[in-house]
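# Observations on the three-dimensional arrangement
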Amino acid sequence: MNLRKRTRAASAEVHTSAMNDIMFFLLLFFLIASTVTNPNVIKLMLPKSSSGQSVSKKTITVSITKDLKYYVDKKEIAVGDLNNTLLGYKSLATELTIVLYVDKTVAIQDVVQVMDVAQKLNIKLVLATEPKG
């Protein structure tokens, strides 16, 4: 009879402290990088939406401020020139998408006016929103 204690087998341990440090630095980098980059130069208060959006490769931005000033790619234009301006962009690209940035205080009729022009020119239109939260 063997009454001596048996030696236990070596336990396997995984040290994850280095991986935790790397994940922390990656998280910190992406948080700082996301606050620095802002593609929207014209300051607007966008409506909130819980769904995402998809944008094609060739896009132009149309912005409507609360003062009802219209901007196409950061250039101010008159409302009457919107059709001709978008027609010029349409001739440059085959697949074109308009990203519409509208201040949330603007009346819906002004938004529909841009949507009508895009529909007549057969251009896809995406309404930009801010994520909830």
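Residues numbered from 1 in each chain as written. Predicted model: local features only at pLDDT ≥ 70, side-chain atom pairs only at ≥ 80, totals over all residues. Heavy atoms only, no water.

Threshold: UniProt positions are given in the numbering used here, feature names are shortened, and annotations may be inferred rather than shown by experiment.
Labelled according to an unreviewed UniProt entry, the protein appears under the name Biopolymer transporter ExbD, originating from Mucilaginibacter panaciglaebae. Under Sequence similarities (unreviewed entry), UniProt gives the following word-for-word description of the protein: "Belongs to the ExbD/TolR family."

## Focus on a nonpolar patch on the surface
Note the following rule: Within this analysis, patches are made of residues with over 30% relative accessible area and no salt bridge. Like charges are joined at 9 Å or less; nonpolar side chains (Val, Leu, Ile, Met, Phe, Trp, Tyr) at 5 Å or less. Working definition of accessibility: Shrake-Rupley area with a 1.4 Å probe, residue cover restricted to the visible protein chains. Just to be clear on terms, a salt bridge is a Lys or Arg side-chain nitrogen sitting within 4 Å of an Asp or Glu carboxyl oxygen. Per the convention used, a helix needs a DSSP run of H or I reaching at least four residues, while a strand needs a run of E reaching at least two, with both numbered from the N terminus. The rule is simple: take the accessible area with a 1.4 Å probe, protein chains only, and divide by the maximum for that residue type; under 20% is buried, over 50% is exposed, in between is partly exposed.
A cluster of nonpolar residues, Met19, Ile22, Met23, Leu26, Phe29 and Phe30, forms a patch on the protein surface that exposes about 660 Å² of accessible area. Here Phe29 lies in helix H1 (residues 17–36). Among the residues examined, Phe29 registers a relative accessible area of 51% and is labelled exposed.

## A few points about the environment of Thr105
Take Thr105: it is sitting in the loop between strand S5 (97–102) and helix H3 (108–120). Thr105 sits 38 residues away from Asp67 along the chain, and the two C-alpha atoms are 9.5 Å apart.

## Comments concerning the environment of Lys120
Mapped onto the elements, Lys120 comes out in helix H3. Between the C-alpha atoms of Lys120 and Asn83, which are 37 residues apart in sequence, the distance is 9.0 Å.

## Focus on the packing of aromatic side chains
How we decide: Within 6.5 Å between ring centres, the rings of Phe, Tyr and Trp (the latter by its six-membered ring) count as paired, and their orientation is classed by plane angle as stacked under 30 degrees, edge-to-face over 60, tilted in between.
Following the criterion strictly, the structure yields two aromatic pairs and no others. A centroid spacing of 5.4 Å and a plane angle of 65 degrees characterise the contact between Phe29 and Phe30, whose relative ring orientation is edge-to-face. Of the two residues, Phe29 and Phe30, both sit in the exposed class.

## Digging into the pairing of strand S2 (residues 59–64)
To keep things clear, this is the line we draw: Each pair of strands is called paired provided DSSP finds at least two bridges between the two strands.
With six bridges connecting them, S2 and S5 associate as parallel partners. Each residue of the ladder has a partner; that of Thr59, found in S5, is Thr97. Relative to strand S3 (residues 70–72), S2 runs antiparallel, the two being bridged by three bridges. Residue pairing across strands places Ile64 opposite Tyr70, the latter belonging to S3. Here S2 folds back onto S3 in antiparallel fashion, the turn holding five residues, of which Leu68 has a positive phi close to 60 degrees.

## What about the sheet that holds strand S4 (residues 75–77)?
Inclusion rule: Under this scheme, a helix contributes an axis fitted over its contacting stretch, all axes are lines through C-alpha atoms, and angles between N-to-C directions fall in the 0 to 180 degree range. Between two residues, a contact is recorded if the distance between any of their heavy atoms is within 4.5 Å.
On the basis of which strands lie adjacent, the open sheet formed by five strands has the order S4-S3-S2-S5-S6 and mixed pairing. Whereas interior strands pair on both sides, the edge strands pair on one side only; in this sheet they are S4 and strand S6 (124–127). In this sheet, neighbouring strand axes are inclined to one another by 30 degrees on average, regardless of whether the strands run parallel or antiparallel. Sitting on the sheet, H3 is in contact with S2, S3, S5 and S6, with an inclination near 175 degrees to S5.

## Quick word on unusual backbone geometry
For Asp73, which is not a glycine, the phi torsion comes out positive at approximately 50 degrees. Tracing the backbone shows Asp73 in the loop between S3 and S4. You can call Asp73 partly exposed: its relative accessible area is 28%. Phi angles above zero are rare outside glycine, and Lys74 is one such case at about 65 degrees.

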